[in-house]
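Residue-level listing of the chains:
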Amino acid sequence: MSETIRFGRLRLAAAMLLAGALGLAGCSGDDEVDYVERPVGELYNQAQDLLEAREYEEAAYAFEEVERQHPYSEWAVRAELMASFAFYEAQLYDEAVAAADRFIELHPGNSDAPYAYYLIGTSYYEQISDVERDQEMTRKALDSFEELVRRYPDSGYSRDAELKIDLARDHLAGKQMTIGRFYLNRDEFVSAINRFRNVVENYQTTTHVPEALYRLTEAYLSIGVYEEARNSAAVLGYNYPDSKWYRRSYALLEEEDLPPFGENETWIGSVF
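Everything numeric in this text was worked out from a predicted model, so none of it was measured.

What counts and what doesn't
- Residues numbered from 1 in each chain as written.
- Predicted model: local features only at pLDDT ≥ 70, side-chain atom pairs only at ≥ 80, totals over all residues.
- Heavy atoms only, no water.
- Salt bridge = Lys/Arg side-chain N within 4 Å of Asp/Glu carboxyl O.
- Helix = DSSP H or I, 4+ residues; strand = E, 2+ residues; numbered from the N terminus.
- Buried < 20%, exposed > 50% of the residue type's maximum accessible area, 1.4 Å probe, protein only.
- Core = buried A, V, L, I, M, F, W, Y, C linked by side-chain atoms within 4.5 Å.
- pLDDT = per-residue confidence, 0-100.
- Contact = heavy atoms within 4.5 Å.
- Axes fitted to C-alpha atoms, helices over the stretch in contact; angles between N-to-C directions.
- Parallel < 35°, antiparallel > 145°, perpendicular 65-115°, else oblique.
- Left-handed = near helix turned anticlockwise from the far one by under 90°.

## Focus on the pattern of salt bridges
Working step 1: A complete count under the given rule lists 14 salt bridges for this structure.
Working step 2: Residues Arg 102 and Glu 67 are paired through a salt bridge, measuring 2.3 Å at the closest nitrogen-oxygen approach. Residue Arg 102 is located in helix α6 (residues 93–106), and its partner Glu 67 is located in helix α4 (residues 56–69); the two are separated by 35 residues in the primary sequence.
Working step 3: The class for Arg 102 is partly exposed, based on a relative accessible area of 41%.

Printed below as a string of structure tokens:
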């Protein structure tokens, strides 16, 4: 995914918030200035200038100053969310999440709440590491995007979140496969089977399922559970007949003189 596509939605929403704020500039009254150190429009415009200059961290704190000095103004509501966006652009993801969380807590019914949820999910998403490492950020991104889709299924942000949900689930399945292969290489077959079953049962739409079925065939054959091995291969052949993993499973069964189908119903049959 290109950088432009990846961040376009975030930048567009931020630009819309800025445009709305400029409209407020003309209606800012002197009554607000009487009890604050600086006029609200001046503070907001300073923050906006910093954002446009890509001084993102400074812009974030400047937006927070708008809320601090003018907590009950309409500007403050916009500034809260713009602070989250600026923190995100500065790659200060914890601060971005905290600011967006606070916006949702204070303004749950605001029309920009879907954007706040999207900022949270994307902040976690940007921190996803490779499958060899801990996947806490992947799980948090998945939870955040699923919450967004659940609450705002018709939002434009939800449509993009659904794509990221698929990628996050694929990543989590990849982590399970990595652990399963590790156990398999150590001849810890039961532990390996548990990981591959998890992929088949809980991540059926991911790209890792064909290999998981093959690895199940391999592991079950290794411990002599032939019925499960044959059923794993049969499900693989039925759903992915052109997969290299099915050809490999079939070859393993041929070595044992076993047909690639079982006679009895097993757990795998209830999954597919």
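## Remarks on the nonpolar core
Working step 1: By size, the foremost hydrophobic cluster in this structure holds 73 residues, and its most contacted members are Tyr 44, Leu 51, Phe 63, Val 66, Phe 145 and Phe 196.
Working step 2: The element that contributes the greatest number of residues to this core is helix α5 (residues 74–89), accounting for 9 residues.

## Let's talk about the confidence of the model for the chain
Working step 1: The pLDDT averaged across the chain works out to 86; a share of 82% of its residues lies at or above 70.
Working step 2: Across residues 1–8, confidence stays below pLDDT 50; counting only partners more than four residues off in sequence or on other chains, it has 5 contacts.
Working step 3: This stretch, residues 22–36, has a pLDDT under 50; its non-local contacts, to residues over four places away or in other chains, come to 14 contacts.

## Comments concerning unusual backbone geometry
Working step 1: Here the phi dihedral of Arg 54 falls at roughly 65 degrees; this positive angle occurs in a residue that is not glycine.
Working step 2: Note that Arg 54 resides in the loop between α3 (40–52) and α4.

## What about the packing of α4 against α5?
Working step 1: Two numbers describe how α4 lies on α5: the axes approach to 8 Å, and their chain directions differ by 160 degrees. Regarding the angle of α4 to α5, the classification is roughly antiparallel. Here the hand of the crossing between α4 and α5 comes out left-handed. Taken together, the residues of α5 that come into contact with α4 (itself represented by Tyr 56, Ala 59, Ala 60, Tyr 61, Phe 63, Glu 64, Val 66 and Glu 67) are Trp 75, Ala 76, Ala 79, Glu 80, Met 82, Ala 83, Ala 86, Phe 87 and Glu 89.

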